[in-house]
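Fold and contact review
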Amino acid sequence: MDEKDELTLSPPKKRSVRAATPNSPRVVMECVEILTPSKTRPRIIVQHPIPASPAARAHTLDSSSPTCPPPKTPPKRGRHLQRKAKIVSDMPQVLVLAETLQQAPESEFNCSAPAARQPKASLRRKGKTAWKLPTSAEELPHTLPVELEPCLQLQKHAIMRSLRDLPDIVAQDDHVSANATAYEQLSNLLRGTVLRGEGNSCLLIGPRGSGKSRLVEKAIKSLPEKPIIIRLSGHAQHNDRLAIREIAWQLAQQTGRSFLPSESNSPSDVIDPDENPFLDSSETTIVLPPPAHLLALISVIPTLPRPTIIILDGFDLFAAHARQSLLYCLLDTAQSCRVGSGTKGIAIVGVTTRVDTINLLEKRVKSRFSGRMLRTSCLSELQQWVELARSALTAPVSEDVPEEWPPLWRVAVDSFLQHEKVIEEFKESFSLTRDARTLCRILTTVVMNLTPALPYPSAEKLAASTGIQRCPARFPFLASLPYPAICLCIAAVHYQTSGHNTFTFEMLHEAFRDQVRTSQSAPVQIEGGGIGMMRCSREVLAGAFERLATQRVFTPVAAPSLGTAKEFVFYRLVPDRFELKRAVEAMGQTNLKKWFSKA
Ligand SMILES: Nc1ncnc2c1ncn2[C@@H]1O[C@H](COP(=O)(O)OP(=O)(O)O)[C@@H](O)[C@H]1O
Ligand SMILES: [Mg+2]
């Protein structure tokens, strides 16, 4: 029988010896021959060299581990035989390998897709049987146990909801905040209009993000009856015509009828140079009054079946409208609205950030304004800002969650808000803006990036998110400028400090030469190296100067003219002193630092 036939017909044990080691001694063949199915199992493990990848190792484990199902397709015979032959020749190594594999934790090997979940499954077991509530950041599990993953999603939703409508900050006992006072006054004023039919007007003044709009909405919500509410914005309705169109539209929507004259083909309705060309007039079904009827329309408002509140956001912009007719009409109507005359009340609430708005009003308009001015203020302390963040981050989850989740999340948030770097980041943001919306935007990105693998807010995430909200650095390359260029910048800073904001190339060149001379006349050595300034030729400096001008680090003060030589054109240094200081410090050259510190 030739070898081919033998390979296909005879039992595998014989073929293995021939195929793999045709010239090997008899001992080897015997070793292979006595294999039984039960004994082959451990042998299969040790046949392989150390698997390079986890997948390869997993394959090894497949056949040995009782938990893993055996591979569906048996290994190819030829390869099988070769491996067996290797067992014998590499026996000492084989033993070591077997030992290593036995020691290795089972979870290190991924056998198949279901087994890939094994590490998480073990965490779940641990969580269910021996869950220990964390009391500090160190005790928090690094990755979230599988059964708590849905809680993270629910918590994220709760935080997002809370960030959209931030909870109120409770004022200190002895200190009633400006917003609380303004709220009290505004709701009294609106109650007067809604309950007693008064005509009122007031101005709500405060910086951006100080809660003006929030306060108005809260005061309206607290009213016992639902009035007609008209909201106008100086940014959208930039002339009286657009404003009256909006009033008519909102009145029609809330009362269900039109109060406008029926003659639809009035010429003023069709041609108006002031009209916003981007408005789609084909959709407008409400007939617009001619400007002459403006007063007439507004005087109709108190006769409506319900009281009306008109909110003018960006009140100062309405003061810029021609002749301030809309403001005049509104305030005049409010002033002439008498209690007990059978009419419903009207309240005009102006909202603005400009403290001098009252001075923008014409005399006849000002005389009709009640003069009531309510003020709102931003959060005054960093602690309030942090508390706002805390209340948003610990927003309660409305659905049922495992009882471990709330304390775990509280510990995570507490340790986040107590972290030194987090406080530092908040401090920096707070010093730049006190607008609570900025805080909301920063926290939104932090919360969006939470995953079961990285489930807790961290200082790094906060820093990244804060960076997104800030302007990028104008000159990020300053720290990597070559030596001649940074020398020219330092020379320019020296000129700035001495009161010359503008300089020419010649001036900088001279300053550099002087510095080189000074540093070399009294050479100082630190750790064997000189810290004197290096010389640069005039051409090198001129090249560096031109590059700085193209990079806009230096900008010409006046338009270039043919009459002035290049060296004598005046320039200005654009980056500020602190940006350059940071760059010089980042470079770490002692000679440059010393020169800069003298400026
Ligand atoms: N005292 C406060 N407590 C909680 N949130 C506040 C407070 N003041 C402002 N905010 C939040 O700041 C954001 C901006 O408020 P908003 O009323 O729109 O400001 P403004 O109209 O003054 O520009 C809103 O999300 C609001 O919830
Ligand atoms: Mg607002």
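From a predicted model like this one, the values you see are computed outputs, not experimental measurements.

Scanning the protein chain for helices and strands turns up 29 helices and 10 strands. Within the protein chain, the fraction of its 599 residues that count as buried is 39%. For the protein chain, long-range pairs separated by at least 24 residues make up 76% of all intrachain contacts whose partners lie at least 6 apart in sequence. Summed over all atoms, the accessible surface of the protein chain reaches about 34100 Å², with 56% contributed by carbon and sulfur.

Our next topic: the site of ligand 1. In the region of ligand 1, 15 residues are neighbours, and Gly209, Lys212, Ser213, Arg214 and Arg437 sit closest. A distance of 3.2 Å separates an oxygen atom of ligand 1 from a polar backbone atom of Gly211. A distance of 2.9 Å is found between an oxygen atom of ligand 1 and a side-chain nitrogen or oxygen belonging to Arg437. When ligand 1 sits alone it has 560 Å² of accessible area, and the protein chains cover 86% of it. Judged by the proximity of its atoms to the pocket grid, ligand 1 belongs to the largest pocket. At the level of elements, α12 (212-221) and α23 (436-448) are the ones that each hand at least two residues to the shell around ligand 1. In terms of residues, the shell around ligand 1 owes the most to one element, α12, which gives three residues.

What follows is about the side chain of Ser210. Summarising the element assignment, Ser210 is placed in the loop between β1 (199-205) and α12. Classification of Ser210 as buried rests on a relative accessible area of 4%. Here Pro207 takes part through its backbone oxygen, which lies 2.6 Å from a polar atom of the side chain of Ser210. Separated by 2.8 Å, the side chains of Ser210 and Thr376 make a polar contact.

The next thing to look at is the sheet that holds strand β2 (residues 228-233). Pairing in this open sheet of five strands is parallel, and the strands run β2-β3-β4-β1-β5 from one edge to the other. This sheet does not close on itself; its edge strands, each paired only once, are β2 and β5 (373-375). Between one strand axis and the next, the sheet turns by 20 degrees as a mean value, whatever way the strands run. In the sheet, strand β3 (residues 308-313) pairs with strand β4 (residues 346-352) via six bridges, with the strands oriented parallel. Residue pairing across strands places Ile309 opposite Ala347, the latter belonging to β4. Each of β1, β3 and β4 touches helix α17 (residues 325-335); the most contacted strand, β4, lies at about 135 degrees to it.

Here the focus is the layout of surface pockets. Taken as a whole, the largest pocket holds about 1400 Å³ of empty space. Together, 48 residues line the largest pocket, and Gly209, Ser210, Gly211, Lys212 and Arg214 are the ones closest to its centre. Taken together, the elements giving at least two residues each to the lining of the largest pocket come down to α10 (149-164), α11 (178-196), α12, α16 (315-318), β4, α20 (382-393) and α23. With seven residues, α12 is the largest single contributor of residues to the lining of the largest pocket. Per-class residue counts for the lining of the largest pocket are 18 nonpolar, 15 polar and 15 charged.

Bringing the environment of Ala586 into the picture now. Within the secondary structure, Ala586 is located in helix α28 (residues 577-587). Using a relative accessible area of 57% as the deciding quantity, one classes Ala586 as exposed. For the pair Ala586 and Leu478, spaced 108 residues apart in the sequence, the C-alpha separation amounts to 9.5 Å.

Time to look at the sheet that holds strand β10 (residues 571-573). Overall, antiparallel pairing links the three strands, which are arranged β6-β10-β9 in an open sheet. Every interior strand has two partners, whereas the edge strands, β6 (502-503) and β9 (554-556), have only one. Bridge count between β6 and β10: two bridges; the pairing is antiparallel. For Phe503, the partnering residue across the bridge sits in β10 and is Tyr571. Strands in contact with helix α27 (residues 538-550) are β6, β9 and β10; relative to β9, the strand with the most contacts, it is inclined by about 80 degrees.

Before going further, it helps to spend a moment on the environment of Pro207. Relative to the helices and strands, Pro207 resides in the loop between β1 and α12. Taking the C-alpha atoms as reference points, Pro207 and Arg375, separated by 168 residues in sequence, lie 9.2 Å from one another. In this structure Pro207 touches Lys212, Thr353, Thr376 and Cys378, once residues within four positions along its chain are discounted.

Position of Glu404 among the secondary structure elements: in the loop between α20 and α21 (405-418). Glu404 sits 270 residues away from Pro134 along the chain, and the two C-alpha atoms are 9.3 Å apart.

What follows concerns the nonpolar core. In this structure, Trp405 and Phe426 are the most contacted members of the largest nonpolar core, which totals 40 residues. If you tally residues by element for this core, the top one is α21, at eight residues. Filtering out sequence-adjacent residues up to four positions away, Phe426 remains in contact with Leu382, Trp385, Val386, Ala389, Leu417, Leu439, Leu443 and Leu462. Core analysis: the second largest hydrophobic core is formed by 37 residues, Phe475, Leu481, Phe512 and Val516 among them.

The next point concerns the packing of helix α22 (residues 420-432) against helix α24 (residues 459-469). Direction vectors running N to C along α22 and α24 enclose 20 degrees, while the axes themselves pass 9 Å from each other. It follows from the interaxial angle that α22 and α24 lie roughly parallel. Here α22 and α24 pass one another in a crossing that is left-handed. Note on element contacts: α24 touches α22 through Ala459, Leu462, Ala463 and Thr466, opposite Lys421, Val422, Glu425, Phe426 and Ser429.

Further remarks concern the packing of aromatic side chains. Scanning the entire structure with this criterion turns up eight aromatic pairs. Centroid distance Phe475 to Phe477: 6.0 Å. Interplanar angle 90 degrees. Geometry classified as edge-to-face. Judged by relative accessible area, Phe475 falls into the buried class, the value being 10%. Of the residues examined, Phe477 reaches a relative accessible area of 24% and is grouped as partly exposed. With a centroid separation of 5.1 Å and an interplanar angle of 45 degrees, the aromatic rings of Phe545 and Phe554 are classed as tilted. Overall, the relative accessible area of 0% leaves Phe554 in the buried class. Of the aromatic side chains, those joined through ring pairs into one cluster are Phe503, Phe505, Phe545, Phe554 and Tyr571. Sitting over the face of the ring of Tyr183, Lys218 holds its NZ or CZ atom 4.5 Å from the ring centroid. Here Arg364 stacks its cationic end above the ring of Tyr328, 4.5 Å away from the centre of that ring.

Another point: helix α25 (residues 483-497). Between its terminal C-alpha atoms α25 stretches 21 Å, which fits the 21 Å expected from 15 residues at 1.5 Å a residue. For α25, every residue scored as buried is listed here: Tyr483, Pro484, Ala485, Ile486, Cys487, Leu488, Cys489, Ile490, Ala491, Ala492, Val493 and Tyr495. Remark: Gly499 follows α25 within two positions and exhibits a positive phi of approximately 95 degrees.

Reading guide: rules and limits
- Residues numbered from 1 in each chain as written.
- Chains lettered and ligands numbered in written order.
- Predicted model: local features only at pLDDT ≥ 70, side-chain atom pairs only at ≥ 80, totals over all residues.
- Heavy atoms only, no water.
- Helix = DSSP H or I, 4+ residues; strand = E, 2+ residues; numbered from the N terminus.
- Buried < 20%, exposed > 50% of the residue type's maximum accessible area, 1.4 Å probe, protein only.
- Contact = heavy atoms within 4.5 Å.
- Areas by Shrake-Rupley, 256 points an atom, 1.4 Å probe, with all protein chains shown as cover.
- Near = heavy atom within 4 Å.
- Polar contact = N/O pair within 3.5 Å; in protein donor to acceptor, adjacent residues only side chain to side chain.
- 1 Å grid on protein atoms, 1.4 Å probe; cavity = no way out; pocket = protein on both sides within 12 Å on 5 of 7 lines; lining within 4 Å.
- Sits in = over half its atoms within 2 Å of the grid points.
- Pairing = 2+ DSSP bridges.
- Axes fitted to C-alpha atoms, helices over the stretch in contact; angles between N-to-C directions.
- Points joined across faces, edges and corners; volume = space filled by probe spheres on them.
- Nonpolar A, V, L, I, M, F, W, Y, C, P; charged D, E, K, R; others polar.
- Core = buried A, V, L, I, M, F, W, Y, C linked by side-chain atoms within 4.5 Å.
- Parallel < 35°, antiparallel > 145°, perpendicular 65-115°, else oblique.
- Left-handed = near helix turned anticlockwise from the far one by under 90°.
- Phe/Tyr/Trp six-rings, centres within 6.5 Å; stacked < 30°, edge-to-face > 60°.
- Lys NZ or Arg CZ within 6 Å of the ring centre and 35° of its normal.
- Expected span 1.5 Å × (residues − 1).

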